[in-house]
Each structure stands twice: as C-alpha cells, then as structure tokens.
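Here is how the chains run, residue by residue.
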Amino acid sequence: MNNRTPNITYTNDRNFTQAQLEELFLSVGWLSGNYPERLWKALHNCETLITAWDGEKLAGLINALDDGELTAYVHYLLINPAYQKCGIGKELTNMVKEKYKDYLYLFLVAENEPLISYYEKLGFVQNKVGSVMSILNK
C-alpha cells in the first residue's frame, strides 16, 4: 500500500464478487477462502455484514449472526494484510458494537494471543466459563 493511509469507505451493500472474497480470505490464510462460491452465499445470508473498500479493492469485512434480541456472534473479522494497522478492524468492530449495543451478549472467538490482546483493546473480555468447540466437515 505504499505507506499511505487508505481512503476507506464502509458499506452494508453486498456487491462483492466471489473472486474478491477469495482474494481477501486467502490473503489471511483462511480455509474458507478455498470455497468462494459457498462463502459468497454464506455472506449474502448473514444478518449483518459490513465491508471496507479502498476504491474497487475489498480491504476487509466483518459479519455477525444474531438471534434478533439477546445474543450476537461476530463470525468473521478480517483485513487484508496490506491494510492492517490502518484502523479498519477497529472501525468495523465499532460499527458492529454500535448495532448490537442493546443486546445482552456480543461474542467472538479470538484464535491466538495477539488477537486476544487486540480484542481486549476494543472492549471485549475473555470468558473463562466454557470452551469454544467445533466440528470441521471438510
């Protein structure tokens, strides 16, 4: 990005292509990037999706799933590495926090220590009760 601050626009529009999603998700090494058609469908069906754009370039996104009243889950927050440390993740997170400010819970999963520290700076706290569990169906 040539050490410049990007001119980022944020939108709820879902006007991205499968190729743009594939590029973004693979830029951070996420497995779901290998399934661009399914990823495109999934993101078109989620309750909340906010994307960050630098012109025609999809720089990042956040999405959340909710029950309509009490609980919301941040499912994806990812920023292309070329755009990291520009405040995009913080802005996307703040937008989701604002949307869900009246919900009882807003959850997310931080997969490693640097992410835990990052999310703590954004106001999240570690939940010492329970454990994240999953089934990976490849």
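Going by the structure above, here's the rest.
Quick caveat: nothing in here was measured; it's all calculated off a predicted structure. (Residues numbered from 1 in each chain as written. Predicted model: local features only at pLDDT ≥ 70, side-chain atom pairs only at ≥ 80, totals over all residues. Heavy atoms only, no water.)

Q: Whenever I open this one, the overall build of the protein confuses me. Can you help?
A: Summing up its helical and strand segments, the protein has four helices and five strands in all. Reading the protein from its N terminus to its C terminus gives the helix and strand order β-α-α-β-β-β-α-β-α. Its C-alpha atoms give the protein a radius of gyration of 15 Å, within 12% of the compact-globule value 14 Å for 138 residues. By its C-alpha atoms, the protein is 40 × 35 × 30 Å across when sized along the principal axes. When contacts within the protein are restricted to residue pairs at least 6 apart in sequence, long-range pairs at least 24 apart make up 60% of them. Carbon and sulfur atoms make up 50% of the accessible area of the protein, which totals about 9,100 Å². If the 13 positive side-chain charges of the protein are averaged to one point and the 16 negative ones to another, these points end up 5 Å apart. (Helix = DSSP H or I, 4+ residues; strand = E, 2+ residues; numbered from the N terminus. Rg over C-alpha atoms; globule rule 2.2 N^0.38 Å. Contact = heavy atoms within 4.5 Å. Areas by Shrake-Rupley, 256 points an atom, 1.4 Å probe, with all protein chains shown as cover. Lys, Arg positive; Asp, Glu negative; His and termini not counted. Charge placed at Lys NZ, Arg CZ, Asp CG, Glu CD.)

Q: Help me out: how do you make sense of the packing of helix H1 (residues 18-27) against helix H2 (residues 36-45) in this one?
A: Axes are the key here: two packed helices are described by the angle between their axes and the distance separating the axes. Where H1 meets H2, the closest approach of the two axes is 9 Å, and the angle between their N-to-C directions is 100°. Compared by their axis directions, H1 and H2 come out roughly perpendicular. Of H2, the residues touching H1 (which contributes Gln18, Leu21, Glu22 and Phe25) are Pro36, Glu37, Leu39, Trp40 and Leu43. Taken together, the residues of the contact of H1 with H2 break down into six nonpolar, one polar and two charged. (Axes fitted to C-alpha atoms, helices over the stretch in contact; angles between N-to-C directions. Parallel < 35°, antiparallel > 145°, perpendicular 65-115°, else oblique. Nonpolar A, V, L, I, M, F, W, Y, C, P; charged D, E, K, R; others polar.)

Q: I keep staring at H2 and nothing clicks. Help me out?
A: Given 3.6 residues per helical turn, the α-helix brings residues three or four places apart onto the same face. Listed as buried for H2 are Pro36, Leu39 and Leu43. Along the axis of H2, the buried positions cluster into a sector of 55°, meaning they face one direction only. Turned more than 90 degrees off the buried face of H2, the exposed positions are Arg38 and Asn45. Looking at the packing, one finds that the buried side of H2 touches H1, strand S2 (48-54), strand S3 (57-66) and strand S4 (71-79). (Buried < 20%, exposed > 50% of the residue type's maximum accessible area, 1.4 Å probe, protein only. Arc of directions from axis to C-beta.)

Q: Where do I start with the packing of aromatic side chains in this structure?
A: Ring pairs (aromatic) are described by centroid distance and by the angle formed between their planes. All chains considered together, the criterion is met by eight aromatic pairs. Each ring, one from Trp30 and one from Tyr76, has its centre 5.7 Å from the other, and the planes form 40°; the classification is tilted. Separated by 46 residues along the polypeptide, Trp30 in the loop between H1 and H2 and Tyr76 in strand S4 bring together distant segments of the chain. Looking at Trp30, the relative accessible area reads 26%, which means it is partly exposed. Residue Tyr76 is classed as buried on the basis of its relative accessible area of 12%. Aromatic side chains Tyr118 and Tyr119 sit 5.5 Å apart centroid to centroid with 65° between the ring planes, which places their arrangement in the edge-to-face category. For Tyr118, a relative accessible area of 31% puts it in the partly exposed group. Here the aromatic cluster, defined as three or more aromatic residues joined through ring pairs, consists of Phe25, Trp30 and Tyr76. (Phe/Tyr/Trp six-rings, centres within 6.5 Å; stacked < 30°, edge-to-face > 60°.)

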